[in-house]
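Coordinate analysis (summary)
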Amino acid sequence: MSKTISILGSTGSIGRQTLDVAEQMGLRVAAITARSSVDRVEEQVRKFRPSLAVLTDEAAARDLAVRLADTGTKVIGGPEGLLEAAVLPEADTVVTAVVGMVGLKPTLAAIEAKKRIALANKETLVCAGQLVMDAADRFGAEIVPVDSEHSAIFQCVQGCRDRREIRRLILTCSGGPFYGMTREEAGRMTRADALRHPNWTMGPKITVDCATLMNKGLEIIEAMRLYRLPLSQVSVVIHRQSIVHSLVEYRDGAVLAQLGTPDMRLPIRYAMTYPNRGESPAEPLDLLTCPPLTFARPDREVFPCLSLAEEAAEAGGTACAVLNAANEEAVGLFLAEKIGFYDIPRLVALAREQVGVRQDPALEDILAADAAARDVVRARF
């Protein structure tokens, strides 16, 4: 069970909810990090009194250091601060809640320091899953997923003594704000439309990924890495209610599911208490009042990002790093209202065509593929 935590990405949705859980559970917060949110980080530091605060924006870090001069919290600026937060000796658990490839190196550093990794950063496993999982095995570090879908699978396989008993993993997907639309209708949707998720409150990047279904494609790749299964054993169903968080089908035909209210504090808490379960103040699921549970196939014509992710997963090597980097850049352009909704999959496909794939990549190969894919997208604007 976790006692002291470092939170990489404390001002995002997952980071803020992790702080809620830490307060409820009486956990000590040793380190918090963010990009440039000076006001919010100052507020968090004064409440939780961590020994370390990091802002990767160095100008913002200088401002924060002045504001926190009356506290005992050390302030570091720049990306290297994430590495220090990840290996802080007093922290037994590192919550990786940053968005994007920036989470990869700190996660590897935390693994080498033999921390428990409460993993909420998809890109770490999407881009370098084999390296990360091999490192976790080598150093004896625990990786406990925080994403609701992967937490659900993690819980459903606890009684599985032999992974060969698994027939397939079934990831559930809300379908996002554009579910049921035609391609023509979705193509007219704007930034504001994409940010209206029907069930979850999340940051803008991941919310857009939910609108394109790229988020589910990234989760397919993540599941393959976490559970060392081929693409053929990972599938997706649309489940609008976000009550069934994912399922595991076993070879004898049994299907185990994890159900709960759409509240990210539940998987966060489980990552802190695993292998035990602690008391939670959250309202439990009431089966008598919850809506009927429905399931449907995803529409791959309207949401081509899902197929793009599966194609990258099948290609292997650095293909997933290319996919992820191109998507990050394209989503950034969409959020800046410089491109339309279907320009996102178009730019991702372009990067996949133009950047070669290297099999069995080292870390430097992954970082090079990431940079090359970003260059392809940026060259268009």
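Conventions adopted
- Residues numbered from 1 in each chain as written.
- Predicted model: local features only at pLDDT ≥ 70, side-chain atom pairs only at ≥ 80, totals over all residues.
- Heavy atoms only, no water.
- Helix = DSSP H or I, 4+ residues; strand = E, 2+ residues; numbered from the N terminus.
- Rg over C-alpha atoms; globule rule 2.2 N^0.38 Å.
- Buried < 20%, exposed > 50% of the residue type's maximum accessible area, 1.4 Å probe, protein only.
- Contact = heavy atoms within 4.5 Å.
- Areas by Shrake-Rupley, 256 points an atom, 1.4 Å probe, with all protein chains shown as cover.
- Lys, Arg positive; Asp, Glu negative; His and termini not counted.
- Charge placed at Lys NZ, Arg CZ, Asp CG, Glu CD.
- 1 Å grid on protein atoms, 1.4 Å probe; cavity = no way out; pocket = protein on both sides within 12 Å on 5 of 7 lines; lining within 4 Å.
- Points joined across faces, edges and corners; volume = space filled by probe spheres on them.
- Nonpolar A, V, L, I, M, F, W, Y, C, P; charged D, E, K, R; others polar.
- Core = buried A, V, L, I, M, F, W, Y, C linked by side-chain atoms within 4.5 Å.

The next subject is the overall build of the chain. In terms of regular secondary structure, the chain is built from 16 helices and 11 strands. For the chain, whose C-alpha radius of gyration is 20 Å, the value lies close to the compact-globule estimate of 21 Å for 381 residues. Residues counted as buried form 58% of the 381 residues belonging to the chain. Taking contacts inside the chain between residues at least 6 apart in sequence as the whole, the part at least 24 apart equals 68%. Carbon and sulfur atoms make up 49% of the accessible area of the chain, which totals about 16,200 Å². Counting 44 positive and 49 negative side-chain charges, the chain places the centres of these two groups 1 Å from one another.

Take unusual backbone geometry next. Trans is the prevailing form of peptide bonds, just as negative phi is the prevailing case for residues other than glycine. Between tyrosine 274 and the following residue, proline 275, the backbone shows a cis peptide bond with an omega angle of 10°. Relative to the helices and strands, proline 275 is located in the loop between helix 12 (265-273) and helix 13 (305-315). A positive phi angle, close to 50°, is found at aspartate 360, a residue other than glycine. Examined against the element boundaries, aspartate 360 turns out to sit in the loop between helix 15 (343-354) and helix 16 (363-378).

This part is about empty space enclosed by the protein. Counting across every chain of the model gives one cavity of 30 Å³ or more. As a volume, the largest cavity reaches approximately 30 Å³. Around the largest cavity sit Thr212, Val302, Phe303, Pro304, Cys305, Phe341, Tyr342 and Pro345, which together line it. The residue inventory of the lining of the largest cavity, partitioned by class, reads seven nonpolar, one polar and no charged.

The next subject is helix 10 (residues 204-212). Along helix 10, seven of the nine residues are buried, which leaves the element largely enclosed by surrounding structure. On its buried face, helix 10 is in contact with helix 6 (122-139), helix 9 (191-194), helix 11 (214-227), helix 13, helix 14 (319-335) and helix 15. Phi turns positive one or two residues past the end of helix 10, at leucine 213, with a value near 70°.

Core analysis: the largest hydrophobic core is formed by 127 residues, its most contacted members being Ile143, Leu169, Met272 and Leu323. Top element by residues in this core is helix 14. It accounts for 12 residues. Setting aside residues no more than four positions away along its own chain, methionine 272 makes contact with Met1, Ser2, Ile5, Val21, Met25, Leu27, Thr93, Val95, Arg116 and Ala118.

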